[in-house]
Protein chains: 2
Amino acid sequence: MRRFFVSPTQMAEDHFVITGKDAFHLHRVLRLGVGDVIIIAAQDGRTYRGRLVFVDSKRAEGKIEEEIEEKREPQTKMTLLQALPKGDKMDQIVRQGTELGLYRIIPVGTERSIVRYGEEKGRKKRSRWQKIAEEASKQAKRSLIPQVKPPKSLKEALLSDENDFDAGFVFWEKEQTCSLWQALKKAPSLGNIRLLIGPEGGLTEEEAKLSFEHGLQAVTMGPRIFRTETAALVAAAAILYESGDLGGF
Amino acid sequence: MRRFFVSPTQMAEDHFVITGKDAFHLHRVLRLGVGDVIIIAAQDGRTYRGRLVFVDSKRAEGKIEEEIEEKREPQTKMTLLQALPKGDKMDQIVRQGTELGLYRIIPVGTERSIVRYGEEKGRKKRSRWQKIAEEASKQAKRSLIPQVKPPKSLKEALLSDENDFDAGFVFWEKEQTCSLWQALKKAPSLGNIRLLIGPEGGLTEEEAKLSFEHGLQAVTMGPRIFRTETAALVAAAAILYESGDLGGF
C-alpha cells in the first residue's frame, strides 16, 4: 500500500487531506481514486489505514479507518550532529541515516569543515536534505520523517534540546581508550542520545573540549579510520544493534 | 608515515622492492628519498618499518627494520557475497566495506540483478573494484587489502571456500523471526563468517533456499527496509560491534 506523510494541519478527527505534488502524484502517477486505500503516516509516528473519498490532481481527501500498529521506529531516538562534509556527502549521510532510523539530523559548521553556508544557502540546503529524508523514509517504510535542522555552529548545536538527552558521544581520533562498546554498556539509558561526528580533517582540540563541556563522551570505534560519511552510519548501526532496534532480542 | 602494500614477490628476507606507479608516486609525488622511512604492509596482514636505500621513478628498494604491531585488522574475517547492484553502487559498497574491515568481497549475479557482466567486462569491473579497495585500505590505515573476486553466479559464490566458514547469514525480507542479534549470540564462533546481501529487488525464493542448503541462516535487521548498499554496511558494522572489532571490550 502507498504511504503518504501528513502534517497535523492535514488531519482533523477521522478526516485527512492531501494537497500539492503529493495529490498530483497520487492521482496522476499512481492513478489512485475514490475507494482506494492508502497508509497515512502522521508526524507523531502513528500510522493509519485511510480510504479515499475525493481525488483530483490538486487535492485528495479521505477517511481514517483504523490505526495500524507498525512499530517501525527505533526505541532509541538518535540525534546526529554531523560536521558539514565536502561536496554532496551530506546527501548520502541523510539518506542512509534515515534508512537506519535517525530521529533528527543537525548539520554543524566546524573549524575544519571545507564548506560554509550563509543563511540563504543554508536554508536551501536544509530544504534539499529534508526532501531526501522524506524520500528515504518512504522507501524504508518508516512511520516518521527525521527532522533536518538548518546548519548551526557547534555551540548552537550542542545547546539544542541539551537537557533531553540520556547520553551523548563524540567520535574523536585522539580518544583511544574508551570504545563505543564500553560506553554503551555503561550508559544508564539509550532512550534519547546524540552523536557528534567531525569533518574530514577532524574536530579541533577546542571543539572536542566544548563537546565534553556539554556532556558528550569521547569514544573510539577501533583502529581503522572511517571517512566521515561512513562514521555516522557505523556508529548509528552499532547503537541500534545494542538497543535491539536492528531486529529484536 | 606513508604506507605501501607489497606482495610476497616484492619481499625477500629483510629487503623490499616497490615498482610501477607506486614507485613513481613515492619518488615524484611524495618526494621521498634514500634514508626516508615508510610503512610496508605485507599481504599476510603484517606491517613493517622500512628504510629506503635506493629510489628512482621506476623502482624503490629498502630494508625492513622491524615489524610493527598494529592490530588494525578485525579478528572476524568477513566475506561479503554482494548481489550486483544498479549503477555504480558497488563502488560505494567496496569503499565503505573496506573501511569497515571486510576480508573479501564476492560480487554475485542474481536473478533480479539489473546489471550483467560478460567475462571481459567482469574482469574490468573487478580490477576497478580492487583498486578502490586498495585506495580505501590505505586511507583507513588497514594492514591488508580485501580481495575482490570476479563476479560469480550465486552457486559458485556459495561454493567458494565453503568449508572455511564458522557461520553465514543471508538477509532475506521474508525472514521476520530470527534477528541478526539472536543469530550472532548463538553462533559458536565469529572467526570466519560470510554474509549474503540481495539486489534491489531482493533474492528469489529459490536463491534463498539455495543459500540455506549451503549453510546460510536467514536473519532480519528489523522493520526498516534498507537499500542494498546500506544493508551490507549495517550488517558488517553490527557483526564487528558484536565481535569487539569496533573498539575493544
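Residues numbered from 1 in each chain as written. Chains lettered and ligands numbered in written order. Predicted model: local features only at pLDDT ≥ 70, side-chain atom pairs only at ≥ 80, totals over all residues. Heavy atoms only, no water.

### Focus on the packing of helix 7 (residues 228–242) of chain A against helix 7 (residues 228–243) of chain B
At a minimum axis separation of 8 Å, helix 7 of chain A and helix 7 of chain B run at an interaxial angle of 60 degrees. With respect to helix 7 of chain B, the element helix 7 of chain A is oriented oblique. The element helix 7 of chain A and its partner helix 7 of chain B pack so that their crossing is right-handed. Residues Leu233(A), Val234(A), Ala237(A), Ala238(A), Tyr241(A) and Glu242(A) of helix 7 of chain A pack against Leu233(B), Val234(B), Ala237(B), Ala238(B), Tyr241(B) and Glu242(B) of helix 7 of chain B. (Axes fitted to C-alpha atoms, helices over the stretch in contact; angles between N-to-C directions. Helix = DSSP H or I, 4+ residues; strand = E, 2+ residues; numbered from the N terminus. Parallel < 35°, antiparallel > 145°, perpendicular 65-115°, else oblique. Left-handed = near helix turned anticlockwise from the far one by under 90°. Contact = heavy atoms within 4.5 Å.)

### Quick notes on the packing of aromatic side chains
Residue and element names in this part refer to chain B. Tallied over the full model, the rule gives five aromatic pairs over all chains. Measuring from centroid to centroid gives 6.0 Å for Trp 172 and Phe 212, while their planes differ by 75 degrees, and the two rings are edge-to-face. Note that Trp 172 is positioned in the loop between strand 11 (167–171) and helix 5 (180–186) and Phe 212 in helix 6 (residues 205–213), a separation of 40 residues in sequence. The buried category is assigned to Trp 172, whose relative accessible area is 13%. (Phe/Tyr/Trp six-rings, centres within 6.5 Å; stacked < 30°, edge-to-face > 60°. Buried < 20%, exposed > 50% of the residue type's maximum accessible area, 1.4 Å probe, protein only.)

### Describing the relation of the copies chain A and chain B
Overlay of chain A on chain B (RMSD 0.1 Å): rotation 180 degrees, translation along the axis 0.0 Å. Within this description, the copies of the chain are treated as partners about a two-fold rotation axis. For chain A, the minimum C-alpha distance to the rotation axis belongs to Ala238(A) and amounts to 2.7 Å. Mapped onto chain B, 100% of the interface residues of chain A again fall at the interface, so both copies present the same surface. (Least-squares fit on C-alpha atoms with pLDDT ≥ 70 in both.)

### Description of the nonpolar core
Ranked by internal contacts, the top residues of the largest apolar core, which has 85 residues, are Phe169(A) and Phe169(B). Every residue in contact with Phe169(A), bar those within four places of it in the chain, is listed here: Leu180(A), Ala183(A), Leu184(A), Ile193(A), Arg194(A), Leu195(A), Leu196(A), Leu216(A), Gln217(A) and Val219(A). (Core = buried A, V, L, I, M, F, W, Y, C linked by side-chain atoms within 4.5 Å.)

### Notes on the packing of helix 2 (residues 89–100) of chain B against helix 3 (residues 119–139) of chain B
Residue and element names in this part refer to chain B. Following both chains from N to C, one finds helix 2 and helix 3 inclined at 35 degrees, their axes separated by 8 Å at the closest point. The crossing of helix 2 and helix 3 is right-handed. Note on element contacts: helix 3 touches helix 2 through Arg 128, Trp 129, Ile 132, Ala 133, Ala 136, Ser 137 and Gln 139, opposite Met 90, Asp 91, Val 94, Arg 95, Thr 98 and Glu 99. Taken together, the residues that form the contact of helix 2 with helix 3 break down as six nonpolar, three polar and four charged. (Nonpolar A, V, L, I, M, F, W, Y, C, P; charged D, E, K, R; others polar.)

### Quick look at the environment of Leu159(A)
Residues and elements named next belong to chain A. Considering the arrangement of structural elements, one finds Leu 159 in helix 4 (residues 154–159). Accessibility expressed as a relative area gives 46% for Leu 159, which makes it partly exposed. With 114 residues separating them in the primary sequence, Leu 159 and Gly 45 have C-alpha atoms 25 Å apart.

### Side note on the sheet that holds strand 5 (residues 47–55) of chain B
All names here are of chain B. Ordered by their spatial adjacency, six strands build an open sheet running 1-4-5-6-3-2, and the pairing between neighbours is mixed. Every other strand in the sheet has two partners, leaving strand 1 (3–6) and strand 2 (11–12) as the edge strands with one partner each. Bridge analysis of strand 1 against strand 4 (residues 37–42) gives four bridges, and the strand direction is parallel. What sits directly across from Val 6, in strand 4, is Ala 42. Where helix 1 (residues 20–29) meets the sheet, its contacts fall on strand 1, strand 3 (15–19), strand 4, strand 5 and strand 6 (59–68), and the angle it forms with strand 3 comes to roughly 95 degrees. (Pairing = 2+ DSSP bridges.)

### Section: the confidence of the model for chain A
When pLDDT is averaged along chain A, the result is 93; 99% of the residues meet or exceed 70. Interface confidence for the predicted complex, given as ipTM, is 0.81, next to a pTM of 0.83. (pLDDT = per-residue confidence, 0-100.)

### Some thoughts on the pattern of salt bridges
In this structure the tally under the stated criterion is 34 salt bridges over all chains. The residue Glu229(A) makes a salt bridge to Lys89(A) at a minimum N-O spacing of 3.6 Å. A residue pair is termed long-range when its members are at least 10 positions apart, and Glu229(A) in helix 7 and Lys89(A) in helix 2 (residues 89–100) qualify at 140 residues. The salt bridge involving Arg123(B) is made with Glu119(B); its shortest N-O contact spans 3.9 Å. Here Glu119(B) and Arg123(B) lie together in helix 3, a separation of four residues that amounts to about one turn. (Salt bridge = Lys/Arg side-chain N within 4 Å of Asp/Glu carboxyl O.)

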